[in-house]
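Survey of secondary and tertiary structure
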Amino acid sequence: MTFLIVTNRRDLTTDYIVRELKRRDLPYLRLNTETIAEARVTINPLDGSFTLRLGERTQRLENVLAAYFRRPEEPSKPRADVAPHDWEYAAGEWNGLLKSIYVFVGKRWFSHPAYIMLAEDKPRQLIAAVRIGFRIPEGVITNDFVEVDRLMKSGPVVGKPLKTSIVSEEGPGSIVFTSALAGVLPEDASAISLCPAIYQREIIKDADIRVTVVGSHVFAVAIHSQATEVSRVDWRRGSNPELLHEAITLPAPIKDKCVALVEELNLRFGAIDLIRDVNGEYWFLECNPNGQWAWIENRTGLPISAAIVDELEEIAKK
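For clarity, every value in this text was computed on a predicted model and none was experimentally measured.

Rules of the game
- Residues numbered from 1 in each chain as written.
- Predicted model: local features only at pLDDT ≥ 70, side-chain atom pairs only at ≥ 80, totals over all residues.
- Heavy atoms only, no water.
- Pairing = 2+ DSSP bridges.
- Helix = DSSP H or I, 4+ residues; strand = E, 2+ residues; numbered from the N terminus.
- Axes fitted to C-alpha atoms, helices over the stretch in contact; angles between N-to-C directions.
- Contact = heavy atoms within 4.5 Å.
- Buried < 20%, exposed > 50% of the residue type's maximum accessible area, 1.4 Å probe, protein only.
- Phe/Tyr/Trp six-rings, centres within 6.5 Å; stacked < 30°, edge-to-face > 60°.
- Lys NZ or Arg CZ within 6 Å of the ring centre and 35° of its normal.

A short note on the sheet that holds strand β3 (residues 40-44)
- Read across the open sheet, the three strands follow the order β3-β4-β5; overall the sheet is antiparallel. The open sheet is flanked by β3 and β5 (57-60), the only strands paired with a single partner. Between one strand and the next, the sheet's axes are offset by a mean angle of 10°, whatever the strand orientation.
- Both strand β4 (residues 49-54) and β5 contribute to a ladder of four bridges, which runs antiparallel. Bridge pairing in β5 links T51 to R60.
- Running over the sheet, helix α2 (residues 84-105) touches β3 and β4 and is turned about 125° from β4.

Quick notes on the pairing of strand β16 (residues 269-277)
- By the criterion of burial, β16 is predominantly enclosed, with nine of the nine residues buried.
- Neither face of β16 is exposed, since F269, A271, D273, I275 and D277 on one face and G270, I272, L274 and R276 on the opposite face are all buried.
- Bridge analysis of strand β13 (residues 205-214) against β16 gives nine bridges, and the strand direction is antiparallel. Pairing of K205 across the sheet is with D277, part of β16.
- As judged from the six bridges shared by β16 and strand β17 (residues 282-288), these two strands associate in the antiparallel manner. Directly across from I275, in β17, lies its bridge partner W283.

A closer look at the packing of aromatic side chains
- Inspection of every chain in the model, using the stated rule, returns nine aromatic pairs.
- With a centroid separation of 5.2 Å and an interplanar angle of 90°, the aromatic rings of Y68 and F110 are classed as edge-to-face. Of this pair, Y68 sits in strand β6 (residues 64-69) while F110 sits in the loop between α2 and α3 (113-119); the two residues are 42 residues apart in sequence, bridging distant segments of the chain. Neither Y68 nor F110 differs from the other in exposure class; each is buried.
- Members of the aromatic cluster, connected to one another through ring pairs, are Y68, F110 and F269.
- Cation over ring: R19 sits above Y16, and NZ or CZ is 4.8 Å from the ring centre.

On their own, these measurements won't tell you what the molecule is for.
In C-alpha cells, the structure reads:
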C-alpha cells in the first residue's frame, strides 16, 4: 500500500510533500511523468490489475491509498535512437496510458485531474464566486473593442490573460502580467479582436492576499505589493524576494467563502488570489486549482504540506 505523487523531476513543491511523507514514515511512489516511457506497464482487464514497474520498483496501482496530481510533463524519449516520427506516435500512446492511470486511481485523488482541468476555467470561477457571495471587480471577458472602450470610459482598468500567461517565441518565452491600461484607441480594435482577455476595474489595493485552501484548512498570506511601484498592479512583476509576506487571519465570512468556492469546483485544494482594498474590503480575482504553495510555507512557516498529507491520509481511510 502506498501514496502516489504524479509530477516531474524539477517540481520542488513535491519535495515538501515527500519530506512530510518521510517524516511520517509513509510509503510513496513519485511518478515523474517525463520518464514514463522508461517504465514497464501491464494492465490485466480480467483481474482488474494495473502494474507499473519503474527500475527496481514495482507498484500495483490498485494498492494506491491516495494520490496527489501535481505537475506532470510530456513523456520524453527513452532512447536517443528512436526516430522522431516513431516517437511522435509512441508519445501519444504514453499520454493515453497516463490518462488511464488518472482514471484508474479514481476517487483516491486529492483533487482529480479532470476536476482540476475544469476548474481552470476563469469565467466559471468568476461566476461561481459571485454566486457564493464574493465581491469581484466590475469587468468583462471579451475581444470586442466597444466593450473594452465602454469599461475604460468609466474608470481605470487592468487587463490580464484569460488562460495562458506565457507567450512563447523561440526560447523560454515571457510572462504576461496583469497590467494597468492607459486607454484604447480605435486603431487598437484589431489587436483586441485577436483573442478574448479579461478586463476589470482596477481596485486600489492595500495588499494582495494569497489564500491556500486544503480541505477545510485555510492559510492566508498578505503580500505587501504596494511597497514598490513595480509590484503595485501585479505582485509577481519584478520577482522581488524582499516583498513582505505576512500570515494573516481572514474574516470568518471570507474564509468560509474560500472553502465554499473550492468545494464548488469539486476540489480539495485551491490557491485563491484576493485583493484587500484600502477600506479593508476583500475582492476575488481567481483560483488556481493546482497552484504553487511551497514558497509560502518556506517564507511563513505555514504547515501547508502537513495539511495536504493529512488529507491524503484521510482519503486512504475511506
